[in-house]
Amino acid sequence: MLTNRPRGVNDLLPGDVERWQFIERTARDVCRRFNVAEIRTPIFEHTELFKRGVGETTDIVEKEMYTFQDRGERSLTLRPEGTASVVRAFVENKLYAQPQPTKMYYIGPMFRYERPQAGRYRQFHQFGVEVLGVNDPSVDAEVIALAMTFFTELGLKDITLEINSVGSPASREAYRHVLREHLAPVKDTLCKDCQSRFDRNPMRILDCKVDRDNEIVANSPYMLDYLTDEDKTHFEQVKSYLDSFGIRYVVNPRMVRGLDYYTQTAFEFMESGSTLSGGGRYNGMVEQLGGPDQPGIGFAVGIERALIALQNQDVQLPIEKGVDVFLVALGEEASKRTVTLLQELRTAGLVADKDYLGKSMKAQMKAADRLNAKQVVILGDDELAQGVANIKDMESGEQVSVPLSELVQKVQQKL
Ligand code: ATP
Ligand code: MG
């Protein structure tokens, strides 16, 4: 049915959305401690931004973007990732002119036209962090540590961190040459995309989901063996900081990451073989988008993937459910009085609810149970006439009669 939701997108219903809120709360909380501030950029941008910022030879730009023309015939694209927008905002709002670094995070939906499957959607959500304006290797380690702290505080265990260095343009120049020579004999047998990547960006071939099983591709020389001394030192220092944080990692010399703009440090966090998060340094990108020569590093976590990992590991999330107090009314007058009583309880800071359907006492008590009410206030027309109400403590079963004028206070005391 055309009025049903499109393929690859989800409704987040009450009952599930609390898990999302927990993840978002944890992200915000960890960022606050790392003194990383939130940035909110638009959901759509000029298509050109992603072509330049993500890279023409990436899967995202080659085949995954939701691009459309608006009524002014501009080409716009729903953001497929967050980094390009954050860097654009950094440049456009001249944040580079302030004292550096600029540390920012975002949480929000991203859009990619992919084949939907478990953990892969067309609208999905990312929590991402970007630190601009500093190139110190300790910042690379700090950004990785932020991500690891986030996973730990979600309650996840056994997260594998893989790191690599994809070098600076100087290192890549030498490596690309070597790689082309290595791949030349099989060039014609590679997929169409990779044949065109061969000239434009041969490193992308190493990340191709079709060709990475090709024996020659799989046995390509390592980027790590072609790093300049400067890149080598940077990588060694990142690893040494990670060691000093007690963060375990595996060097994966095969990791190239999907985006064209990465330089030096690249990393991924995995859980049960699935990638939760990817990130890296992107020192050329600010300049690429019209800003000064300023470095940057960041990562993005897929929130849906984090939820799957939490489920895999059977992590019990600290989610508040239910109500503090439920009002049970017997009789017409009492029922009217609960309307205002409810408002009084809520403005006093309590989580309060009542029955709206004129149900029987038994049905109302059932509803209170279903909502896990800690207290139930029972008000009948007779009690109302005497200016009192009963408070039942649902845990002990104990019931007391209190003056209506003191009701809010008494309920509060009992919580
Ligand atoms: P993959 O190789 O799995 O396609 P990617 O390199 O495209 O990943 P990134 O662009 O680095 O992924 O995005 C960072 C994270 O966002 C991923 O590690 C993943 O957790 C999540 N992610 C990416 N695409 C999707 C999607 N279509 N649906 C859900 N989550 C996604
Ligand atoms: Mg992808």
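Residues numbered from 1 in each chain as written. Chains lettered and ligands numbered in written order. Predicted model: local features only at pLDDT ≥ 70, side-chain atom pairs only at ≥ 80, totals over all residues. Heavy atoms only, no water.

Colleague: Would you mind going over the sheet that holds strand β3 (residues 66–69) in detail, with residue names and values included?
Modeller: Strands sit in the order β2-β4-β3 across an open sheet of three strands; the sheet is antiparallel. Each of the sheet's edge strands pairs with one partner strand only, and the pair in question is β2 (44–46) and β3. Across the sheet, the mean angle from the axis of one strand to that of its neighbour is 35 degrees, orientation sign disregarded. Examined bridge by bridge, β2 and strand β4 (residues 75–78) share three bridges and lie antiparallel to one another. Paired with H46 across the bridge in β4 is L76. (Pairing = 2+ DSSP bridges. Helix = DSSP H or I, 4+ residues; strand = E, 2+ residues; numbered from the N terminus. Axes fitted to C-alpha atoms, helices over the stretch in contact; angles between N-to-C directions.)

Colleague: How would you sum up the sheet that holds strand β5 (residues 102–111)? Please name residues and give values.
Modeller: The strand order β1-β5-β6-β11-β10-β9-β7-β8 describes an open sheet built from eight strands, whose pairing is mixed. In this open sheet, the two edge strands, each paired with only one partner strand, are β1 (37–38) and β8 (250–251). Alignment of strand β7 (residues 160–165) against β8, held across two bridges, turns out to be parallel. Paired with I163 across the two strands is V251, which belongs to β8. Those strands touched by helix α1 (residues 17–33) are β1, β5 and β6 (123–132), and its axis lies near 165 degrees from that of β5. Strand contacts of helix α5 (residues 137–154): β5, β6, β7, β9 (263–271), β10 (274–281) and β11 (296–302), with the helix running at about 15 degrees to β11, the strand carrying the most contacts. (Contact = heavy atoms within 4.5 Å.)

Colleague: Any details on the pairing of β11? Residues and values, ideally.
Modeller: Buried residues dominate β11, accounting for seven of its seven residues. Neither face of β11 is left uncovered, since the one carrying G296, G298, A300 and G302 and the one carrying I297, F299 and V301 both have all their residues buried. Inspection of the sheet shows β6 paired to β11 by seven bridges, in the antiparallel sense. Bridged to Q126 within β11 is G302. (Buried < 20%, exposed > 50% of the residue type's maximum accessible area, 1.4 Å probe, protein only.)

Colleague: Please provide a residue-by-residue account of the site of ligand 1, values included.
Modeller: Close to ligand 1 lie 15 residues, the nearest being R112, E114, R120, Y121 and R257. The contact in question runs from an oxygen atom of ligand 1 to an N or O atom on the backbone of T275, over 3.2 Å. Starting from 590 Å² of accessible surface for ligand 1 in isolation, the protein chains cover 90%. Listed by contribution, the elements that provide at least two residues to the shell around ligand 1 are β6, β10 and β11. No other element matches β10, which puts three residues into the shell around ligand 1. In terms of residue class, the shell around ligand 1 is made up of four nonpolar, five polar and six charged. (Near = heavy atom within 4 Å. Polar contact = N/O pair within 3.5 Å; in protein donor to acceptor, adjacent residues only side chain to side chain. Areas by Shrake-Rupley, 256 points an atom, 1.4 Å probe, with all protein chains shown as cover. Nonpolar A, V, L, I, M, F, W, Y, C, P; charged D, E, K, R; others polar.)

Colleague: So what's going on with the environment of G82? Which residues, and what values?
Modeller: In this structure, G82 sits in the loop between β4 and α4 (83–92). Separated by 106 residues in sequence, G82 and D188 have C-alpha atoms that sit 35 Å apart.

Colleague: Account for a positive patch on the surface, with residues named and values stated.
Modeller: On the surface, K359, K362, K366 and R370 cluster together into a positively charged patch. Within the secondary structure, R370 is located in helix α13 (residues 361–370). Look at R370 and you get exposed, because its relative accessible area is 61%. (Patch = residues over 30% accessible without salt bridge, like charges linked within 9 Å, V, L, I, M, F, W, Y side chains within 5 Å. Salt bridge = Lys/Arg side-chain N within 4 Å of Asp/Glu carboxyl O. Lys, Arg positive; Asp, Glu negative; His and termini not counted. Charge placed at Lys NZ, Arg CZ, Asp CG, Glu CD.)

Colleague: Give a description of the packing of α1 against helix α11 (residues 303–312) that names residues and reports values.
Modeller: Here α1 crosses α11 at 105 degrees, and the two axes come no closer than 11 Å. Between α1 and α11, the angle is such that the two are roughly perpendicular. Facing α1, whose interface residues are R19, W20 and I23, α11 presents I303, E304, A306, L307, L310 and Q311. Among the residues forming the contact of α1 with α11, the class breakdown is six nonpolar, one polar and two charged. (Parallel < 35°, antiparallel > 145°, perpendicular 65-115°, else oblique.)

Colleague: Talk me through the packing of aromatic side chains; I want residue IDs and the actual numbers.
Modeller: According to the stated counting rule, one finds 10 aromatic pairs in the structure shown. Pairing Y105 with F127 gives two aromatic rings, centres 6.2 Å apart and planes at 75 degrees, and the pair type is edge-to-face. Remark: F127 occurs in strand β6 and Y105 occurs in strand β5; sequence separation between them is 22 residues. A single burial state applies to Y105 and to F127, both of which are buried. Here the aromatic rings of F127 and F299 are separated by 5.9 Å at their centres, their planes lie at 90 degrees, and the arrangement is edge-to-face. You can see F127 sitting in strand β6 and its partner F299 sitting in strand β11, a full 172 residues away along the chain. (Phe/Tyr/Trp six-rings, centres within 6.5 Å; stacked < 30°, edge-to-face > 60°.)

Colleague: Mind laying out the UniProt feature "binding site: L-histidine" (unreviewed entry) in the protein, listing which residues take part and the relevant values?
Modeller: On the UniProt side, "binding site: L-histidine" (unreviewed entry) is annotated at positions that read E81, G82, T83, R112, Q126, E130, R257, Y261 and Y262 here. The annotated residues named above include E81 and G82 as those lining the second largest cavity. Overall, the relative accessible area of 4% leaves G82 in the buried class. Apart from residues no more than four positions distant in its own chain, G82 is found in contact with Y106, M110 and Q126. Tracing the backbone through its elements, the reader meets T83 in helix α4. If we ignore the near neighbours within four places in the chain, the residues touching T83 are Y106, E130, Y261, Y282 and M285. (UniProt positions renumbered as here; feature names shortened; annotations may be inferred. 1 Å grid on protein atoms, 1.4 Å probe; cavity = no way out; pocket = protein on both sides within 12 Å on 5 of 7 lines; lining within 4 Å.)

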